[in-house]
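A look at the structure
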Amino acid sequence: LQDTLGEGYTRALRGTYKISKHHAGVPDSADFVMYWWFKAAQLMSLRSLRRFGFVTTNSIKQTFNRRVIEEVLSGGKLSLLYAVPDHPWVDEQGGAAVRIAMTVVGRGQREGVIERVVSEQSGENGEYSVVTVEETGRINADLTVGADTTGAVELEANADISSRGVQLMGAGFIVTREEAAALGLGRIDGLEKHIREYRNGRDLMAQSRGVMVIDLFGLSEADVFQRFPEVYQHVKLTVKPERDQNNRASYRDNWWIFGEARSAFRPALDGLPRYIATVATSKHRVFQFLEAVILPDDALIVIAHDDAYVLGVLSSRVHVVWSLAQGGTLEDRPRYNKTRCFETFPFPTVTAAQQRAIREGAQALDDHRKARLALHPDLSMTGLYNVLEKLRSGAELSAAEQDAHSRGLVSTLRGLHDDLDGLVAEAYGWPFDLPTPEVLARLAALNTVRAAEERSEIVNYLRPAYQNPNWKGQEGLLAADEAEIAAAKLPMFPKRLAEQSQAVRQLLRAGGRPLTPQQVARAFRGVRASTTEEVLEMLVSLGQAREVPLSGGYTA
């Protein structure tokens, strides 16, 4: 928005449509078209229109855009009457093929019609021949008919252990192994903690670049200059000129540190030998283990857990179906939003035997894929799953796909996934071949049950030792009781955004030192660090707080 329309226009636009306790609005993260969609809905409420419709990109289903639709439909006065969630389109100006969606809104609580594209073929002149099927029913904000998964809430059980990877904001941070050696890696003591293995989405799903990254988080400029002079000069020459042009003061002033170093999330990874990662936007939803020495790029979603049981549940059809429904798409690639896909997902309640079986199945899956790709470096994860997709559909394999199937042992990969799907379905107590709409309906209902349990303070944390500050295992129950009594005296975190920002700002002023999102969250009842981090970032953007990167905290 700022690049195209200017900083002044963008600021005025967001200020005009800002969400407050007095009126609805448009989130800052929403696409520009959603302001017009929202304006049309306002005109409907004024009875200036009988109905309206838009052609947009298919990213209207993504979380940051979907919030506008959810708000409009939540009042019960308007309904989606017609929708096409995903349709081919040709940009006449550039000739590029893009994906669009169509939405039509009318008054009242009414059923609508969804048209889904089931086949498409492009012609010689760029035109498309498209075949669609119709579904009738109440159309949800994510442009689906059936179980409304958009109402699922974030669960405390999954809180604070997922995040995007780091966002560099400076290509000069990335170095080859040869460049790392020239900068002192292997020669200067302690540098191994600050030049690390680095992976992005292409590294995981295609061919790895094998690059490293300079990670100076936790060091002051003087520290870098004194301890690692070669690194200091390299970053100053390759990163600082770019950062000097950035509008955000913290990025300019702290040019030797990543733009988004994920300071609040790093403690979640401390002490883990490995963690789970998936590519945020990818054709295939694949979860895999990465070693702790690897620093993830912001194209990856990280789950801070080293248990293959968690990997197994996330890799199952049950979770993939949920993530596809919750995450939306970017063009034709599903997008995994950690807040909607992971934090709302209700894990099964398992016996020790079930957990062990899922753990063993998931470890076998991860080991199999890594072994085949290590043995055949020209193969890729995307290539393996392209062949797996064709096997499931019964389509004929090309010669190249036959080769990938043979060397990648894709039929074995399919069997490992099928076994894991069966184990996870059994853990939920569901049939193996439950239709997708029924899976979504049951997960949505289970999310409601878990949320109700958590309101009664029954929380089944995925990592209790990290997520629950009062967790003592089987010991220290007396200390835990005392902590609960102390926590009960804490103020409740406000529900409205304006009151939240005021409470956090007052806490920062009284603190006298930088506070991390976790520390802010522990000063209140009924809030998690991910929420306080959002409030802190908002205060920074408004100039009412500032980030202190070296400490990982914020101050007024």
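Scroll up for the structure.
Now for a look at the structure at hand. (Residues numbered from 1 in each chain as written. Predicted model: local features only at pLDDT ≥ 70, side-chain atom pairs only at ≥ 80, totals over all residues. Heavy atoms only, no water.)

What about the overall build of the protein?
Using the following cut-off: Secondary structure elements are defined from DSSP: runs of H or I of at least 4 residues count as helices, runs of E of at least 2 residues count as strands, and each element is numbered from the N terminus. In this treatment the radius of gyration is a C-alpha quantity, and the globule benchmark scales as 2.2 Å times the residue count to the 0.38 power. Note on contacts: a residue pair qualifies if any of its non-hydrogen atoms lie within 4.5 Å across the two residues. Here the accessible surface of atoms and residues is derived via Shrake-Rupley with a 1.4 Å probe, and residues count as covered only by protein chains that are part of the display. We treat Lys and Arg as the positive residues and Asp and Glu as the negative residues; His and chain ends play no part in the count. Each charge is placed at NZ for Lys, CZ for Arg, CG for Asp and CD for Glu.
Secondary structure assignment for the protein yields 24 helices and 17 strands. For 556 residues, the compact-globule estimate of 2.2 N^0.38 gives 24 Å, and the C-alpha radius of gyration of the protein, at 25 Å, lies within 12% of that figure. Residue pairs in contact within the protein that sit at least 24 positions apart in sequence constitute 66% of those at least 6 positions apart. As displayed, the protein has an accessible area near 27,100 Å², and 51% of this comes from carbon and sulfur atoms. The positive charge centre, built from 65 side chains, and the negative charge centre, built from 70, are 6 Å apart in the protein.

With respect to the packing of helix H12 (residues 308-315) against helix H15 (residues 352-375)
The criterion, for reference: Only the stretch in contact is used when fitting a helix axis, every axis being a line fitted to C-alpha atoms; angles between N-to-C directions are given from 0 to 180 degrees. By definition in this entry, angles of less than 35 degrees are roughly parallel, angles greater than 145 are roughly antiparallel, angles of 65 to 115 are roughly perpendicular, and the rest are oblique.
Two numbers describe how H12 lies on H15: the axes approach to 7 Å, and their chain directions differ by 80 degrees. One way to sum up the angle between H12 and H15 is to call them roughly perpendicular. Every residue of H15 that contacts H12 at Ala308, Tyr309, Leu311, Gly312, Val313 and Ser315 is listed here: Gln355, Ile358, Arg359, Ala362, Gln363, Leu365 and Asp366.

Overview of helix H8 (residues 229-238)
Using the following cut-off: Exposure classes here rest on a 1.4 Å probe applied to the protein chains alone. A residue is buried below 20% of its type maximum, exposed above 50%, and partly exposed in between. The reported arc concerns the directions from the helix axis to the C-beta atoms and nothing else.
Burial in H8 covers these residues: Val231, Tyr232, His234 and Val235. Projection of H8 onto a plane perpendicular to its axis shows the buried side chains occupying an angular sector of 165 degrees, all on one side. Of the exposed residues in H8, the ones pointing more than 90 degrees away from its buried face are Gln233 and Leu237. Tucked into the core, H8 has its buried residues touching strand S7 (174-175), strand S8 (195-199), strand S9 (212-214), helix H7 (221-227) and helix H9 (240-243).

Some words on the layout of surface pockets
To find leftover empty space, a probe the size of one water molecule is rolled over the atoms. Threshold: Think of a 1 Å grid over the protein atoms and nothing else: a 1.4 Å probe that fits but is trapped marks a cavity, an open set flanked by protein within 12 Å on at least five of seven lines marks a pocket, and residues with an atom within 4 Å of a point count as lining. Grid points are joined across faces, edges and corners, and a volume is the space filled by probe spheres set on the points. Think of it as three bins: nonpolar holds Ala, Val, Leu, Ile, Met, Phe, Trp, Tyr, Cys and Pro, charged holds Asp, Glu, Lys and Arg, and polar takes everything else, Gly as well.
Approximately 1,800 Å³ is the volume found for the second largest pocket. Along its surface, the second largest pocket is lined by 44 residues, and Val320, Val321, Leu324, Ala325 and Pro334 are the ones closest to its centre. Taken together, the elements giving at least two residues each to the lining of the second largest pocket come down to strand S2 (78-90), strand S4 (112-122), helix H13 (317-327), helix H16 (381-393), helix H18 (410-428) and helix H19 (436-455). Of the residues that constitute the lining of the second largest pocket, the class distribution is 16 nonpolar, 12 polar and 16 charged.

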